[in-house]
Amino acid sequence: MSAAQPLHHVSWQAVFGHDEPYSEQADGIDAAVDVAEENGFLIVEGACGTGKTMLALSAGIDRVRDPDSDYERVLVLTSVKQQLRQFEADLRTINASLPDDWSPVSGLTLVGKADVCPYSREGVAGVDDETVYDRCEGLRERTRNLTGDGGETSTGTLVSEARQTQTGLLDSGSTRGPEYLSTAGEPTPYLPETATYGDTEYCPFYATFLDDVPDDGDPVEAVPFDLTERGHVDTDELVRLSAGYGTCPHSVMGAVLPHAEVVLGNYYHAFDPQTVGSFTGALVDDETFVVCDEAHMLEPRVRDLVSDGVAESTLRDAETELTRVLQPVAFEDAGKSTDESGTGTADADLVRGELADADVTLREVRETREFLAELRSEIDRRVEAHLDRTLPDWRADLTRLDDAEIPLRDPETPGVDELSEWAEAAGYDEGTWLRAESVGAVVARILDEAEDDDVRRAAPAVGRTLANWARTDHVAYFREIELERTWDETARQNDWRRAYNARLALHNCVPGEAIAERLGEFGGGVLMSATLEPMDVFREVTGLDSLADDGRPIAERTYGLSFPESNRASFAVDAPKFTHENRGARGEQNPTRRAHVDAVCEVADSPGNVLVGMPNYAEAAWMAEALTDRLDRPVLLDEASDDEATEALKAEFFGGDRKVLVTSLRGTLTEGVDYRGDRLAAAVVCGVPIIDTSSPRTRAVKTAYDRRFGSDGAGSRSGFETALTVPAVRKARQAIGRVIRGPDEVGIRAFVDARYARGSWDSVRGYLPETERAEFDPVSPDLLGYGVDRFWSSLDER
């Protein structure tokens, strides 16, 4: 890979990928460039058709290509694969339209190991999606051990032997040539199996990468292609260019990423502490222009990434690992040899030496093991007590058990959790929790050195979680035991573990501080989505207001739907509120349920596919059943399922005659799915998809938001509004936004619930941006059918 090409800069129009920008694009790019030069951020709510992707890329590349700017790269973060593909397409459009004397804008798409490892992609050598991380780390470590200080050989020898295997097959007289491993349509220089040196298995791709890295040079020197001349390199091209040459695609990706002008990735590439610490840290600095796409998901996505937890089964595995490290020492102290221990693991000298180097004592390892054992017993006691209290005869039929939460404090009263109090009373102070981290790390090192296997050790993850349990406060963080439904035939007949995975969970209720801290490390950028309003709430909960308080400028832009208004009809139907209290049980027949079915049927008379969004999957199942009895067209039901089932359902919906698809507004079909062209004629949202407010975790989040942003804190909105209502309305708006995706598309958008139509104590109409409030005129249920007919008739008359 050659050095970076000379920069050219005239204005952002030179990198804009089309002949003329929309007026909203031009305004947004100007605003983004201006605020980025002051190390600030632009927040953009832009309806479909605004051109947000091109807007953000043009502004960022303009800053990178300006020789007077401090920006070196653009980092795009999105949680939706379809959007990632759109950024790739727009970057290629930009490169295709650059001036002839400009070098292309270099780009790279970041993905996980499973997507680039040749063995994992082809499902060979015992590597697949589930094993790739453990197998990769094991193979890499053995490769380094063979070639590092004191190793048996060199990387050059490993590479040469792996390639000569092919020659050996040909020289053996076989009438058939060697079967090379192929991936991404390209043959590699190696067999489908991993290579061996003596009795040691290693990765020839990784060996090649190590061999190509200069002794004191930049790893980018080992990249077998010139990124600056290739434009954007997507996943398949990265694999083809790297594996075809014989080197490790994942290592190449890591070497290239600091040098690419545009890097496309996921939120975890910037906000997951472990990913940043081990892989993408070079991107997190003030030379990076960051783009947060689908930014309405920034808060919940980061909340998950900065929360923590560990399964009870992982605690058990960590306890076993600590035992395997302690046993050789115990046997030596008892005058027995390591072989007599039957462990087949580390010897006593190795254990003592590694512990001494890590400044960890045998006593601390023993105490940590005892703590883990007692902690597991306490979890067991609490799970059984919870089940005895909520379902006294639970042992008689474990199949009746559902997912559950066991709060370790009152969710609405911040304070020390019961597990921490138990530990203190049992003689385990804060130091015990914190010490588990260093103990876990050294135990993993000992076992990795002593045992030749590809297993991810449990002890380090357990140690990190237990240390975080002690470090984090009891106001912003909520602690509980989660019970996730499963089925394990190996567990005892009446053991709850037969039906549950138990997990200690440490939830970050208010991730705004973590978001602001990470955003503050970037030079500036753009946060954008079709659904960010109300802006004041978005700024609060993402920590942008705190950045503004620190002197970082924050600018805002809101752009409505620019396509012809005559192509769409928008209704806010004044039907009874679809609240739990009003609608009653699913089998109940009442005015609220009848009104919502009637409204959906009126819209479902549209000449095309209709998407119906319900507050949850249970209500979606009810609505689908009710519509099946009323409509003369197929009604499809989306249920919580895997990606393969979802893709099959989409294909069925898009193919053939018109249909109705009913789904949850918290599922995957109401945002991030392309319903372009005539795939969708109408979208109906019934109710406001507020999540279950009885959940202890939800109550804890609401309380934390009350204290931080509501009347208990410095804000004016309640925790219920900021934590629950506003995100729910954004979900509803995402679903409605599926209908009109281009200037020639036509369709109907309908909110069915009085809370969208008029003011009341729980109205959500005020959470819609002004442009949408102007379009979604309130309509009574009895006039909805007339409005639907009139809209479609008007189109026929054109």
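Before reading further, recall that the structure is shown in the block above.
Since the model is a prediction, treat every value here as computed from it, not as a measurement.

Enquirer: Help me out: how do you make sense of the overall build of the protein in this one?
Expert: A count of helical and extended segments in the protein gives 32 helices and 23 strands. In summary, the protein has a C-alpha radius of gyration of 29 Å against a globular reference of 28 Å for 798 residues, a match within 12%. For the protein, the spread of C-alpha atoms along the three principal axes comes to 90 × 75 × 60 Å. Expressed as a percentage of its 798 residues, the buried residues of the protein come to 55%. In the protein, the proportion of contacts linking residues at least 24 apart, taken out of those at least 6 apart, comes to 77%. Across the protein, 81 positive and 152 negative side-chain charges occur, with their mean positions spaced 5 Å apart.

Enquirer: Help me understand the environment of valine 74 in this model?
Expert: Take valine 74: it is sitting in strand β2 (residues 73-77). Placed 594 residues apart in sequence, valine 74 and threonine 668 show a C-alpha to C-alpha distance of 28 Å. Excluding residues within four positions of it along the chain, valine 74 makes contact with Gly60, Ile61, Val64, Glu261, Val262, Val263, Phe289 and Val291.

Enquirer: How should the pairing of strand β9 (residues 262-265) be read in this particular structure?
Expert: Within a regular beta strand, the side chains point alternately toward one face of the sheet and then the other, so they alternate between its two faces. By the alternation rule, side chains of β9 split into Val262 and Leu264 and Val263 and Gly265, which are all buried. The pairing of β2 with β9 spans 4 bridges and is classified as parallel. Paired with leucine 75 across the strands is valine 263, a residue of β9. In terms of strand pairing, strand β3 (residues 107-109) meets β9 through 3 bridges, oriented parallel.

Enquirer: Explain helix α20 (residues 459-471) to me, please; I cannot follow it from the model alone.
Expert: Think of an α-helix as turning once every 3.6 residues; residues three or four places apart then point the same way. In this model, α20 (13 residues) spans 18 Å end to end at C-alpha, consistent with the 18 Å of a helix rising 1.5 Å per residue. Regarding α20, the residues found buried are Ala459, Pro460, Val462, Gly463, Thr465, Leu466, Ala467 and Trp469.

Enquirer: Teacher, can you tell me more about a negative patch on the surface here?
Expert: The grouping of Asp70, Glu72, Asp286 and Glu287 at the surface amounts to a negative patch. Inspection of the secondary structure assignment puts aspartate 70 in the loop between α2 (52-65) and β2. Taking relative accessible area as the criterion, aspartate 70 reaches 61% and is therefore assigned exposed.

Enquirer: What should I look at first to understand the packing of helix α25 (residues 591-603) against helix α26 (residues 617-630) in this one?
Expert: Two measures define how a pair of helices packs: the angle their axes make with one another and the distance between the axes. Orientation of α25 relative to α26, taken along the N-to-C sense of each, is 60°, at an axis distance of 10 Å. Taken as a pair, α25 and α26 cross one another with a handedness that is right-handed. When α25 is examined against α26, the residues Arg593, His596, Val597, Asp598, Val600 and Cys601 are found in contact with a partner set consisting of Glu619, Trp622, Met623, Ala626, Leu627 and Arg630. Tallied by class, the residues present in the contact of α25 with α26 amount to 7 nonpolar, 1 polar and 4 charged.

Enquirer: Please explain the nonpolar core as it appears in this structure.
Expert: The nonpolar side chains of soluble globular proteins are, as a tendency, buried together. In terms of nonpolar packing, the biggest core is built from 69 residues, with Phe271, Leu519 and Leu527 touching the most fellow members. Ignoring any residue separated from it by four or fewer positions in sequence, one finds leucine 519 in contact with Phe41, Phe271, Val290, Cys292, Leu527, Leu544, Leu547 and Arg552.

Enquirer: Help me understand the sheet that holds strand β16 (residues 554-559), please; the structure alone is not making it clear to me.
Expert: Consider a sheet: its strands pair through backbone hydrogen bonds, and that pairing is either parallel or antiparallel. Taken in spatial order, the 8 strands make up an open sheet running β8-β3-β9-β2-β10-β15-β1-β16, and their pairing is parallel. Lying at the two open borders of the sheet, with one neighbouring strand each, are β8 (232-233) and β16. Of the strand pairs in this sheet, strand β1 (residues 41-46) and β16 are connected by 6 bridges, and their pairing is parallel. Within β16, the residue paired with glutamate 45 across the bridge is threonine 558.

Enquirer: Can you walk me through helix α13 (residues 298-306) in this structure?
Expert: Listing the buried residues of α13 in full gives Leu298, Glu299, Val302, Arg303 and Val306. Each buried residue of α13 lies within a common arc of 125° when the element is viewed along its axis, so the set occupies one face.

About the thresholds
Residues numbered from 1 in each chain as written. Predicted model: local features only at pLDDT ≥ 70, side-chain atom pairs only at ≥ 80, totals over all residues. Heavy atoms only, no water. Helix = DSSP H or I, 4+ residues; strand = E, 2+ residues; numbered from the N terminus. Rg over C-alpha atoms; globule rule 2.2 N^0.38 Å. Buried < 20%, exposed > 50% of the residue type's maximum accessible area, 1.4 Å probe, protein only. Contact = heavy atoms within 4.5 Å. Lys, Arg positive; Asp, Glu negative; His and termini not counted. Charge placed at Lys NZ, Arg CZ, Asp CG, Glu CD. Pairing = 2+ DSSP bridges. Expected span 1.5 Å × (residues − 1). Patch = residues over 30% accessible without salt bridge, like charges linked within 9 Å, V, L, I, M, F, W, Y side chains within 5 Å. Areas by Shrake-Rupley, 256 points an atom, 1.4 Å probe, with all protein chains shown as cover. Salt bridge = Lys/Arg side-chain N within 4 Å of Asp/Glu carboxyl O. Axes fitted to C-alpha atoms, helices over the stretch in contact; angles between N-to-C directions. Left-handed = near helix turned anticlockwise from the far one by under 90°. Nonpolar A, V, L, I, M, F, W, Y, C, P; charged D, E, K, R; others polar. Core = buried A, V, L, I, M, F, W, Y, C linked by side-chain atoms within 4.5 Å. Arc of directions from axis to C-beta.

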